[in-house]
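Results of the structural survey
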Amino acid sequence: MGIPVGKLSLYTALGGVRPSACLPITIDVGTNNEQLLNDEFYIGLRQRRATGEVSIMSSWKSSWMLLNKYMVKKFSSRFEDFANHNAFDLLAKYSKSHLVFNDDIQGTASVVLAGLLSSLKVVGGTLAEHTYLFLGAGEAGTGIAELIALEISKQTNAPIEECRKKVFLVDSKGLIVSSRKNSLQPFKTSWAHEREPVTTLLDAIKSIRPTVLIGTSGVGRAFTKEVIEAMASFNERPVIFSLSNPTSHSECTAEEAYKWTQGRAVFASGSPFDPVEYDGKIRVPGQANNAYIFPGFGLGVVISGAIRVHEDMLLAASETLAAQATQENFDKGSIFPPFTNIRKISALIAASVAAKAYELGLATRLPRPR
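Note that the structure is predicted; figures quoted are calculated from it, not measured.

Here's the deal with the nonpolar core
Core analysis: the biggest nonpolar cluster contains 69 residues, and L116, I148 and F297 have the highest contact counts within it. For this core, the leading source of residues is helix α5 (residues 103-123), giving 8 residues. Not counting the four nearest positions on each side in its chain, L116 is found in contact with L127, Y132, I148, V212, I214, V239 and F241. By size, the runner-up hydrophobic cluster in this structure holds 28 residues, among which are I208, F223, I228 and F273.

Remarks on the packing of α5 against helix α12 (residues 311-323)
It is at 8 Å that the axes of α5 and α12 come closest, and there the two elements cross at 40 degrees. One way to sum up the angle between α5 and α12 is to call them oblique. For α5 against α12, the interelement crossing comes out right-handed. Facing Q106, S110, V111, L113, A114, L117, S118 and K121 of α5, the residues of α12 in contact are L314, L315, A317, S318, E319, L321, A322 and A323. Broken down by class, the residue content of the contact of α5 with α12 amounts to 10 nonpolar, 4 polar and 2 charged.

As for the UniProt feature "domain: Malic enzyme NAD-binding" (unreviewed entry) in the protein chain
Those residues carrying the UniProt feature "domain: Malic enzyme NAD-binding" (unreviewed entry) are residues 105-358 in this numbering. The distance separating the terminal C-alpha atoms of residues 105-358 is 24 Å; by composition the span is 44% helix and 12% strand.

Some remarks on the UniProt feature "binding site: a divalent metal cation" (unreviewed entry) in the protein chain
Feature annotation in UniProt assigns "binding site: a divalent metal cation" (unreviewed entry) to the following positions: E80, D81 and D104. These residues run over 25 residues, yet every pair of their C-alpha atoms falls within 7.2 Å of each other. With respect to the element layout, E80 can be found in the loop between β1 (77-79) and α4 (84-94). Residues contacting E80, with those up to four places away along its chain left out, are I3, K7, D103 and D104.

What to know about a nonpolar patch on the surface
On the surface, M1, V5 and I43 cluster together into a nonpolar patch covering about 310 Å² of accessible area. With respect to the helices and strands, the residue V5 is situated in helix α1 (residues 2-15).

Thoughts on the packing of aromatic side chains
Counting across every chain of the model gives 6 aromatic pairs. Between F101 and F297, the ring centres sit 5.1 Å apart and the planes meet at 25 degrees, which makes this aromatic pair stacked. In this pair, F101 is assigned in strand β2 (residues 100-102) and F297 in helix α11 (residues 294-304), connecting sequence segments 196 residues apart. Of the two residues, F101 and F297, both sit in the buried class. Here Y292 and F339 contribute two aromatic rings whose centre-to-centre distance is 5.0 Å and whose plane-to-plane angle is 75 degrees, an arrangement assigned as edge-to-face. A residue pair is termed long-range when its members are at least 10 positions apart, and Y292 in the loop between β11 (286-287) and α11 and F339 in the loop between α13 (327-331) and α14 (342-359) qualify at 47 residues. Since its relative accessible area comes to 32%, F339 is described here as partly exposed.

Structural notes on the packing of helix α8 (residues 201-208) against helix α9 (residues 225-234)
Orientation of α8 relative to α9, taken along the N-to-C sense of each, is 5 degrees, at an axis distance of 9 Å. By the angle between their axes, α8 is roughly parallel relative to α9. Contacts from L201, L202 and I205 in α8 reach E226, V227, A230, M231 and F234 in α9.

Structural notes on the sheet that holds strand β8 (residues 266-269)
An order of β5-β4-β3-β6-β7-β8-β11 is seen for the 7 strands of this open sheet, with the pairing classed as mixed. Edge positions in the open sheet fall to β5 (174-175) and β11, since each of these has one partner strand only. Docked against the sheet, α8 engages β3 (132-135), β4 (167-171), β5 and β6 (212-215), running at close to 175 degrees with respect to β3.

Here's the deal with the pattern of salt bridges
Counted by the stated rule, this structure contains 10 salt bridges. With its nearest N and O atoms 2.7 Å apart, the salt bridge here joins R180 to D171. The partner of E359 in a salt bridge is K356, and the shortest N-O contact between them spans 3.2 Å. Taken as a pair, E359 and K356 lie in helix α14 at a separation of 3 residues, close to a single helical turn. K356 gets classed as buried once you look at its relative accessible area, which sits at 15%.

Section: unusual backbone geometry
Put simply, N245 and P246 share a cis peptide bond, and its omega is -15 degrees. Note that P246 resides in the loop between β7 (239-242) and α10 (254-259). Even without a glycine there, the phi angle at R221 is positive, about 60 degrees. Inspection of the secondary structure assignment puts R221 in the loop between β6 and α9. Positioned with a positive phi, Q262 is a non-glycine residue whose angle comes to about 55 degrees. If you trace the backbone, Q262 turns up in the loop between α10 and β8.

Quick look at the side chain of T253
Within the fold, T253 resides in the loop between β7 and α10. Among all residues touching T253, those that are not within four sequence positions of it are R221, F267 and F273.

Quick look at the pairing of β4
The buried fraction of β4 amounts to 5 of the 5 residues, a majority that puts the element mostly inside the structure. Here β4 shows a buried face lined by V167, L169 and D171 and a second buried face lined by F168 and V170. One ladder, built from 4 bridges, connects β3 with β4; its direction is parallel. The residue of β4 that forms the bridge with L135 is V170. Bridging between β4 and β5 involves 2 bridges; their strand directions are antiparallel. Each residue of the ladder has a partner; that of D171, found in β5, is G174. The loop that links β4 with its antiparallel partner β5 comprises 2 residues.

Rules used throughout
Residues numbered from 1 in each chain as written. Predicted model: local features only at pLDDT ≥ 70, side-chain atom pairs only at ≥ 80, totals over all residues. Heavy atoms only, no water. Core = buried A, V, L, I, M, F, W, Y, C linked by side-chain atoms within 4.5 Å. Buried < 20%, exposed > 50% of the residue type's maximum accessible area, 1.4 Å probe, protein only. Helix = DSSP H or I, 4+ residues; strand = E, 2+ residues; numbered from the N terminus. Contact = heavy atoms within 4.5 Å. Axes fitted to C-alpha atoms, helices over the stretch in contact; angles between N-to-C directions. Parallel < 35°, antiparallel > 145°, perpendicular 65-115°, else oblique. Left-handed = near helix turned anticlockwise from the far one by under 90°. Nonpolar A, V, L, I, M, F, W, Y, C, P; charged D, E, K, R; others polar. UniProt positions renumbered as here; feature names shortened; annotations may be inferred. Patch = residues over 30% accessible without salt bridge, like charges linked within 9 Å, V, L, I, M, F, W, Y side chains within 5 Å. Areas by Shrake-Rupley, 256 points an atom, 1.4 Å probe, with all protein chains shown as cover. Salt bridge = Lys/Arg side-chain N within 4 Å of Asp/Glu carboxyl O. Phe/Tyr/Trp six-rings, centres within 6.5 Å; stacked < 30°, edge-to-face > 60°. Pairing = 2+ DSSP bridges.

Structure (structure tokens):
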């Protein structure tokens, strides 16, 4: 329950959304934690989670029925912390008929895309001229991958299917390729390209030669010395995003990324890292924190009275955030603006998201303000 309460507090503190318009909700399906079950102050449902296939199906059927009932109310809804298949199913089911936003998929994607757009000012080239390799193909990985492809499509007018071919994903079984299509979960099939199968990240890097490496796997230290040195061997400025939380799950540390690339890496992380001194220069690694995006995005939706979240609104948020990063930030090693500017950043994102909602005909607060 602390998650929805805390996140809504951030909508207010960082974005300026009126607190009386916010309602935290948790779908409670019980707990198997003995300590909680025996705690007299536990506020959750004091019963065990369903076990056994029939019982689990019954439990999820009840949860879906509850969600359906809730969605009839036509609130603006933000979903978080659902299992992969449920998160994608919810978004697919309601995104065309309700105002819904999944921060794990859409918020993460938007802030990472902003980081990539910002990093182009350091490494050069366009988004379409780079090649992207992900370790991790869950909600975060596939969400980011899709938004990258959408932005490339927007910039080049190329079909989205063509743009997806610039993006590759590695999951627990290796590189996602077309020969695996029949065994893949539905949300992974768009990324099954015609390539030879490889089972390790290092082999995928050697085969694809990506310019950008993004970690969303939740596997700590998965970006080994060999992996990062391989990226540095054919990239003058390798872009390395180690996005998994908490710090112990981060694919590599900022220090490792800088040390193993002789200070050439353009680095961002999901967890906060202290400044790193390398070769006499202090580098302040940027954090791809969703809180850069969702408070302003929420405010933009509220002030425009938007009836849907359209992917172009996410792209507008990313572009606005990227535009706030300055040469001074880059000189210090960060591709994100200082978080101390978050109220201003949120206001600018809100304005761009609202403007896009009006442009798309999705805004209901009329007439459109000057």
